[in-house]
Amino acid sequence: MTQAVELRGVTLGFPGCTVLRDVDLAVQQGEFLGVLGPNGAGKTTLLRALLGLVRPSVGTIEIFGATAQPGRSGIGYLPQTRPGALPTVRGIDLLAASLGGTRWGLPFSSAEAKSEIAWALDQVDATALAQRPLAQLSGGERQRVLIAQALLGRPRLLLLDEPLSNLDPRHQRAVVSLLRDIQQKLSLTVLCIVHDLNVVLPAVDRVLYVGNGHVALGKVDEVVTGPVLSLLYGAPIDVVRSGEYRFAVAA
Amino acid sequence: MSPFDFEFMRNAYAAAGMVAVTAGVAGYFLVLRGQSFAGHALGHVGFAGAAGALLFGLPPLAGLIVVSTGGGMMMGLLGEGVAERDVGIGLVLAGALALGLLFLGFFTASASQATALLFGNVLGVDAHTLWALLWVSLFTLVVLAFMARPLLFASLQPELAEAHGVRVRLLSVMFLGVIGLVVAGAAQVVGVLLVFSLLVAPAAAAQRATPRVLTAIALSVALALAEGLGGVTLAFYTDWPASFWITALGVAFYGAAFMAKWRAARD
């Protein structure tokens, strides 16, 4: 089976900032991957590279066996949302604008587009929420609408950029379990950037740490260790366990 | 005595009506994209163009159209949020206004000519200007209709649109170019200093009143028409400047939408 995501010898970055240096990486289909790492390590840049928006200076990036490029079908993307920058529209308008938003012409939805939108909203139980202005929704409700949007076009790969930021712990858990449910139901591959590993522990199959130009991909117990994190953070780190939870602390 | 008995009033209604429709539609996207201030600044850029045209003995409307449209496309080309950066825009605005002043100084223009450029002279619109406004308005609406779908997507969620392969930069250049045209038209009615009243006030009020996209665009056009035609009518009966009435109605509409929202939030 082709890999969902495959990086071969990838070097990626901007002038004066290297995000990845000669990285090989393979994500299998149907995996739920938590993506973690220090601030500014390039987690978002990595997702943008998978979308084909940033080109690697060396190496190849393949998504389901084809070179990454913008506008590819089969990828659902949820960019990081800046609170306060929310447009004054309803959720359903947002979905309608994005579906077929690449075609020129007037913004009317076809019957086919309407049924696709209804399907996506139904997957995350957001049909009623989508009728309300986005600004009136709570953080958790808004994420459900935006996850529905990422499902438009029936993607096989979901790239989620900090879908849990600005949510309280209860809503974080709800969004994680929702993501796990739809991932299982629709057999999706998911790459999800998060800040706190412990919140996504129940959902992830493996974790991908990005830092210092390197990546570490593996089971939680293989990656979340003092030596590995020390290398990625460029500072001595100890991992302290408390029951299921793990905490990285400065050594 | 009816306003329709006078040719200058029929011309004024036609000019205000055409400008209101285009400004209502284009303004919706402008406000949605957070580029209201950029639209305002394009009026000032156009002022320098109009004054420069006068200096060289060319029609001021032509100078206004060329320079504000070109300026808009340049802003779109510079991209990366330039059109949303207040300091940069403010400096362009001040610089263009000063340049216009210099040109008018060389031209030794009468004060009335400067006032007409700055504050509009809708009651003095001639048939030639009306035809120009008709073509500019039709062209603007056709281009907006052509780009409406990707423009809406790129305005609501630029990162996502880019990932879907929408050419966000090209859209930005096209859109701000269109805004330059709309500004040139609106300046014929309310002048370069008050284009905000037709371009931004109705659209902002409509966006406060309803979250539905198509309803908001229709409402924006309706409010702009009410402003433009109502302002011209009030000017006829009061003998106060039309630009004053149009702007006053725009501020009143926005204030009403603001109050309605505030009261709804309080209840």
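Details of the structure are given in the entry above.
Residues numbered from 1 in each chain as written. Chains lettered and ligands numbered in written order. Predicted model: local features only at pLDDT ≥ 70, side-chain atom pairs only at ≥ 80, totals over all residues. Heavy atoms only, no water.

A. Inspection of the overall build of chain A at higher detail. Within chain A one finds 8 helices and 12 strands. By the compact-globule yardstick of 18 Å for 251 residues, chain A fits well, its C-alpha radius of gyration being 18 Å. Across its three principal axes, chain A shows a C-alpha extent of roughly 55 × 40 × 35 Å. Within chain A, the fraction of its 251 residues that count as buried is 51%. Considering only residue pairs separated by 6 or more positions, chain A has 63% of its internal contacts joining residues 24 or more positions apart. Roughly 11,200 Å² of accessible area belongs to chain A as shown, and the carbon and sulfur atoms make up 51% of that amount. Distance between charge centres in chain A, computed from 23 positive and 21 negative side chains, equals 5 Å. (Helix = DSSP H or I, 4+ residues; strand = E, 2+ residues; numbered from the N terminus. Rg over C-alpha atoms; globule rule 2.2 N^0.38 Å. Buried < 20%, exposed > 50% of the residue type's maximum accessible area, 1.4 Å probe, protein only. Contact = heavy atoms within 4.5 Å. Areas by Shrake-Rupley, 256 points an atom, 1.4 Å probe, with all protein chains shown as cover. Lys, Arg positive; Asp, Glu negative; His and termini not counted. Charge placed at Lys NZ, Arg CZ, Asp CG, Glu CD.)

B. Seen up close, the pattern of salt bridges. All names here are of chain A. Inspection of the entire model under this criterion finds 9 salt bridges over all chains. Its salt-bridge partner being arginine 180, residue aspartate 205 comes within 3.4 Å of it at the nearest N-O pair. Residue aspartate 205 is found in the loop between helix H6 (197-200) and strand S9 (206-211), and its partner arginine 180 is found in helix H5 (residues 169-185); the two are separated by 25 residues along the sequence. Here aspartate 205 falls in the partly exposed class, since its relative accessible area comes to 26%. (Salt bridge = Lys/Arg side-chain N within 4 Å of Asp/Glu carboxyl O.)

C. Representation of the sheet that holds strand S8 (residues 189-193) of chain A in the model. Residues and elements named next belong to chain A. A sheet is described by the order of its strands in space; here 6 strands give the open sequence S6-S7-S8-S3-S9-S10, paired in mixed fashion. The open sheet has two edge strands with one neighbour each: strand S6 (75-78) and strand S10 (214-218). Taking each pair of neighbouring strands and ignoring which way they run, the sheet shows an average axis angle of 15°. Judged from the 4 bridges that link them, strand S3 (residues 32-36) and S9 form a sheet pairing that is parallel. Bridge pairing in S9 links valine 35 to leucine 208. In this fold helix H4 (residues 139-151) packs onto S6 and strand S7 (157-161), with an angle of close to 155° to the strand it touches most, S6. Here H5 sits on the sheet and contacts S3, S7 and S8; the angle it forms with S3, its principal contact strand, is near 140°. (Pairing = 2+ DSSP bridges. Axes fitted to C-alpha atoms, helices over the stretch in contact; angles between N-to-C directions.)

D. Quick look at helix H8 (residues 168-190) of chain B. Residue and element names in this part refer to chain B. Given a rise of 1.5 Å per residue, 23 residues ought to cover 33 Å, and the 31 Å separating the end C-alpha atoms of H8 matches this to within 8%. Buried residues dominate H8, accounting for 19 of its 23 residues. One or two residues past the end of H8 sits glycine 191, with phi positive at roughly 85°. (Expected span 1.5 Å × (residues − 1).)

E. Highlighting the nonpolar core. Leu7 and Tyr209 of chain A are the most contacted members of the largest nonpolar core, which has 160 residues in total. The element that contributes the greatest number of residues to this core is helix H1 (residues 7-32) of chain B, accounting for 15 residues. Each residue touching tyrosine 209 of chain A, except ones within four places of it in the same chain, is listed here: Leu36, Gly37, Leu197, His214, Val215, Ala216, Val223, Val224, Leu229, Leu232 and Tyr233 of chain A. (Core = buried A, V, L, I, M, F, W, Y, C linked by side-chain atoms within 4.5 Å.)

F. Region of interest: the packing of aromatic side chains. A complete count under the given rule lists 11 aromatic pairs over all chains for this structure. Seen from their ring centres, tryptophan 104 of chain A and phenylalanine 146 of chain B are 4.6 Å apart, and the 10° between their planes marks the pair as stacked. Pair noted here: tryptophan 104 of chain A is in the loop between helix H2 (91-98) and helix H3 (111-123) and phenylalanine 146 of chain B is in helix H6 (residues 127-156), and the two residues belong to different chains. Classification of phenylalanine 146 of chain B as partly exposed rests on a relative accessible area of 41%. Seen from their ring centres, phenylalanine 29 of chain B and phenylalanine 175 of chain B are 6.4 Å apart, and the 70° between their planes marks the pair as edge-to-face. Of this pair, phenylalanine 29 of chain B sits in helix H1 while phenylalanine 175 of chain B sits in helix H8, and the two are 146 residues apart along the sequence. Of the residues examined, phenylalanine 29 of chain B reaches a relative accessible area of 3% and is grouped as buried. Its relative accessible area of 0% is what places phenylalanine 175 of chain B among the buried residues. (Phe/Tyr/Trp six-rings, centres within 6.5 Å; stacked < 30°, edge-to-face > 60°.)

G. Highlighting a nonpolar patch on the surface. Residues and elements named next belong to chain A. A cluster of nonpolar residues, Val240, Tyr245, Phe247 and Val249, forms a patch on the protein surface that exposes about 340 Å² of accessible area. A per-element tally of the nonpolar patch places strand S12 (residues 245-250) first, with 3 residues. Along the chain, the position of phenylalanine 247 falls in strand S12. For phenylalanine 247, a relative accessible area of 40% translates into the label partly exposed. (Patch = residues over 30% accessible without salt bridge, like charges linked within 9 Å, V, L, I, M, F, W, Y side chains within 5 Å.)

H. Molecular detail of empty space enclosed by the protein. Residue and element names in this part refer to chain B. Counted under the stated rule, the structure contains 3 cavities of 30 Å³ or more. Space inside the second largest cavity adds up to approximately 40 Å³. As for the second largest cavity, its lining consists of Val19, Thr22, Leu133, Val136, Ser137, Thr140, Leu181, Val182, Gly185 and Ala186. Those elements that place two or more of their residues in the lining of the second largest cavity are H1, H6 and H8. When the residues that make up the lining of the second largest cavity are grouped by side-chain class, the tally is 6 nonpolar, 4 polar and no charged. (1 Å grid on protein atoms, 1.4 Å probe; cavity = no way out; pocket = protein on both sides within 12 Å on 5 of 7 lines; lining within 4 Å. Points joined across faces, edges and corners; volume = space filled by probe spheres on them. Nonpolar A, V, L, I, M, F, W, Y, C, P; charged D, E, K, R; others polar.)

I. Region of interest: the layout of surface pockets. Residue and element names in this part refer to chain B. Of the volumes computed, that of the second largest pocket is approximately 500 Å³. Surrounding the second largest pocket, 20 residues form its lining, Pro60, Leu61, Leu117, Thr129 and Gln188 being those nearest its centre. Listed by contribution, the elements that provide at least two residues to the lining of the second largest pocket are helix H3 (60-78), helix H5 (111-119), H6 and H8.

J. Expanded view of the packing of helix H2 (residues 36-55) of chain B against H5 of chain B. Residues and elements named next belong to chain B. Where H2 contacts H5, the axes come no closer than 10 Å and their chain directions differ by 150°. Between H2 and H5, the angle is such that the two are roughly antiparallel. Here the hand of the crossing between H2 and H5 comes out right-handed. Here H2 contributes Phe47, Ala50, Ala51 and Leu54 to the contact with H5, which in turn contributes Gln113, Leu117 and Leu118. A breakdown of the residues in the contact of H2 with H5 according to their chemical character gives 6 nonpolar, 1 polar and no charged. (Parallel < 35°, antiparallel > 145°, perpendicular 65-115°, else oblique. Left-handed = near helix turned anticlockwise from the far one by under 90°.)

By themselves, these observations are geometric and do not establish any function.
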